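Here is how the chains run, residue by residue.
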Amino acid sequence: MYCPFCQHVDTRVIDSRVSDDGATIRRRRVCEACGERFSTMETVELKLPVICKSDGRREAFDARKLRAGFDRALQKRPVSEEQIEAAMRSVVHQLRRTTERELPSMRVGEFVMAELRKLDHVGYVRFASVYRSFEDVADFREELDRLENDNAAEGQLPLLGGDAAPPPKTRKR
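Rules behind the numbers
- Residues numbered from 1 in each chain as written.
- Predicted model: local features only at pLDDT ≥ 70, side-chain atom pairs only at ≥ 80, totals over all residues.
- Heavy atoms only, no water.
- Buried < 20%, exposed > 50% of the residue type's maximum accessible area, 1.4 Å probe, protein only.
- Helix = DSSP H or I, 4+ residues; strand = E, 2+ residues; numbered from the N terminus.
- Arc of directions from axis to C-beta.
- Polar contact = N/O pair within 3.5 Å; in protein donor to acceptor, adjacent residues only side chain to side chain.
- Salt bridge = Lys/Arg side-chain N within 4 Å of Asp/Glu carboxyl O.
- Pairing = 2+ DSSP bridges.
- Core = buried A, V, L, I, M, F, W, Y, C linked by side-chain atoms within 4.5 Å.
- Contact = heavy atoms within 4.5 Å.

Topic: helix α1 (residues 63-73)
Consideration 1: Buried within α1 are the following residues: Leu-66, Arg-67, Gly-69, Phe-70 and Ala-73. All buried residues of α1 project into a common sector of 160° when viewed along the axis, lining one side. Residues Arg-64 and Arg-72 are exposed on α1 and point more than 90 degrees away from its buried face.
Consideration 2: Its side-chain oxygen at 3.0 Å from the backbone nitrogen of Arg-64, Asp-62 defines the N-terminal cap of α1.

The structure is reproduced here in structure tokens:
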């Protein structure tokens, strides 16, 4: 690896550490010529499927676009950076698990919606409104009803007012 300071060809690894998520390795290096130290990050590079757009275009998967979609949906929502990163990793993992070389963008959208649904219901509805091209308030209402029915089946509190079950009592210690 070239030294970023003096462009010398010979650098030596002095320390390697695996990241917390196990997906990257951070290497501390030192240049044999100028003595400067710097870090590099090593990740596995796997070929992801090509994304087929609804208009017929084909594009390489772009993690920046995925991130932008999550950021728009979760703007001003109480979701941590770590949760967003985990959701993005999950979507990428699902893409890698498909054995297809090309994948419709609609399928990627479904993966994103599944992750948003777990993270934040408001973010999920925001994304769904664009993804499914909601045209009026009735479309929003249908999606909210579907979400509430699913939450009721899972024993979660309702999204909109109504008869909410009281919160569970906590024991004092």
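Side note on the pattern of salt bridges
Consideration 1: Counting across every chain of the model gives 17 salt bridges.
Consideration 2: The salt bridge involving Glu-42 is made with Arg-27; its shortest N-O contact spans 2.9 Å. Here Glu-42, found in strand β3 (residues 37-43), pairs with Arg-27, found in strand β2 (residues 24-31); they are 15 residues apart in sequence, far enough to count as distant.
Consideration 3: For Glu-42, a relative accessible area of 37% translates into the label partly exposed.
Consideration 4: By relative accessible area, Arg-27 is classed as buried at 18%.
Consideration 5: For the salt bridge of Arg-67 with Glu-85, the shortest nitrogen-to-oxygen distance reads 2.5 Å. Taken together, the residues Arg-67 in helix α1 and Glu-85 in helix α2 (residues 81-97) connect sequence positions 18 residues apart.
Consideration 6: A single network of salt bridges, built from pairs that share partners, joins Lys-53, Asp-55, Arg-57, Glu-59 and Lys-65.

Thoughts on the pairing of strand β1 (residues 11-18)
Consideration 1: Two elements, β1 and β2, share 7 bridges in a ladder whose sense is antiparallel. What sits directly across from Val-13, in β2, is Arg-29.
Consideration 2: In this antiparallel pair of consecutive strands, β1 and β2, the connection spans 5 residues, and Gly-22 shows a positive phi of 75°.

Looking at the nonpolar core
Consideration 1: With 27 residues, the main nonpolar core has Leu-66, Phe-70, Val-91, Leu-95, Val-112, Leu-116 and Phe-127 as its most contacted residues.
Consideration 2: Every element with two or more residues in this core is listed here: α1, α2, α3 (105-119), α4 (121-131) and α5 (137-154).
Consideration 3: Examining the composition of this core, we find that 6 residues originate from one element, α2, more than from any other.
Consideration 4: If we ignore the near neighbours within four places in the chain, the residues touching Val-112 are Leu-66, Phe-70, Val-91 and Phe-127.

A short note on the sheet that holds strand β4 (residues 50-52)
Consideration 1: A sheet is described by the order of its strands in space; here 3 strands give the open sequence β5-β4-β6, paired in mixed fashion. Looking at strand neighbours, the two that pair on one side only are β5 (58-59) and β6 (102-104), the edges of this open sheet.
Consideration 2: In this structure, β4 lies alongside β6, joined through 3 bridges in parallel fashion. Following the sheet pairing, Val-50 is matched in β6 by Glu-102.

Let's talk about unusual backbone geometry
Consideration 1: You will see that Gln-7, though not glycine, has its phi angle at about 65°, which is positive.
Consideration 2: Here Gln-7 is to be found in the segment before β1.

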